[in-house]
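What follows is each chain in one-letter form.
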Amino acid sequence: MAFAMANRTSGHYLKTPAGKLAHQLAYFSIALGALELFAAPRLARMLGMRGKEDLIRAYGVREIVKGVGILSSPNPTPWLWGRVAGDALD
């Protein structure tokens, strides 16, 4: 986590609107991933996807990994494109 904090504060891209948006998206990804990971049965019922709880949890893990990658990388662009690709597959 210290590595992520150092990159967040020293990364020059954070001073741009795009960098700030990338970090907001990262935090959203982590929150969404946590919801998918820990509330999969309830989400499956709400979405009409009963029996797909493991798939929803896998999506949650992917969201968390992408969010942490965005926050910890000095260049979050590949992580952002990875997130876009994952959303397209969903």
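It should be noted that the structure appears before, not after, this text.
Reference entry: report on the structure contained in this document. Quick caveat, the model's predicted, so the values are computed rather than measured. (Residues numbered from 1 in each chain as written. Predicted model: local features only at pLDDT ≥ 70, side-chain atom pairs only at ≥ 80, totals over all residues. Heavy atoms only, no water.)

### Topic: a nonpolar patch on the surface
Together, Val 61, Val 65 and Trp 79 line one region of the surface with nonpolar side chains, adding up to about 240 Å² of accessible area. The residue Val 65 is located in helix H4 (residues 53-72) in this model. (Patch = residues over 30% accessible without salt bridge, like charges linked within 9 Å, V, L, I, M, F, W, Y side chains within 5 Å. Areas by Shrake-Rupley, 256 points an atom, 1.4 Å probe, with all protein chains shown as cover. Salt bridge = Lys/Arg side-chain N within 4 Å of Asp/Glu carboxyl O. Helix = DSSP H or I, 4+ residues; strand = E, 2+ residues; numbered from the N terminus.)

### Section: helix H5 (residues 77-89)
Given a rise of 1.5 Å per residue, 13 residues ought to cover 18 Å, and the 19 Å separating the end C-alpha atoms of H5 matches this to within 8%. Among all positions of H5, only Gly 82, Arg 83 and Gly 86 are buried. Down the axis of H5, the buried side of the element spans an arc of 100 degrees, and every buried residue falls inside it. In H5, the exposed residues that point more than 90 degrees away from the buried face are Trp 81 and Ala 88. Where H5 is buried, its residues touch helix H2 (17-38) and H4. (Expected span 1.5 Å × (residues − 1). Buried < 20%, exposed > 50% of the residue type's maximum accessible area, 1.4 Å probe, protein only. Arc of directions from axis to C-beta. Contact = heavy atoms within 4.5 Å.)

### Quick word on the side chain of Ser 73
Following the sequence through the fold, Ser 73 ends up in the loop between H4 and H5. For Ser 73, the side chain forms a polar contact with the main-chain oxygen of Asn 75, separated by 2.8 Å. (Polar contact = N/O pair within 3.5 Å; in protein donor to acceptor, adjacent residues only side chain to side chain.)

### Concerning the packing of H2 against H4
As a packed pair, H2 and H4 sit with axes 7 Å apart at the nearest point and diverge in direction by 155 degrees. One finds that H2 runs roughly antiparallel with respect to H4. For the pair H2 and H4, the sense of crossing is left-handed. Within the contact between the two elements, H2 uses Ala 22, His 23, Ala 26, Tyr 27, Ser 29, Ile 30, Leu 32, Gly 33, Ala 34, Glu 36 and Leu 37 and H4 uses Ile 56, Arg 57, Tyr 59, Gly 60, Val 61, Glu 63, Ile 64, Gly 67, Val 68, Ile 70 and Leu 71. Class assignment of the residues belonging to the contact of H2 with H4 gives a composition of 14 nonpolar, five polar and three charged. (Axes fitted to C-alpha atoms, helices over the stretch in contact; angles between N-to-C directions. Parallel < 35°, antiparallel > 145°, perpendicular 65-115°, else oblique. Left-handed = near helix turned anticlockwise from the far one by under 90°. Nonpolar A, V, L, I, M, F, W, Y, C, P; charged D, E, K, R; others polar.)

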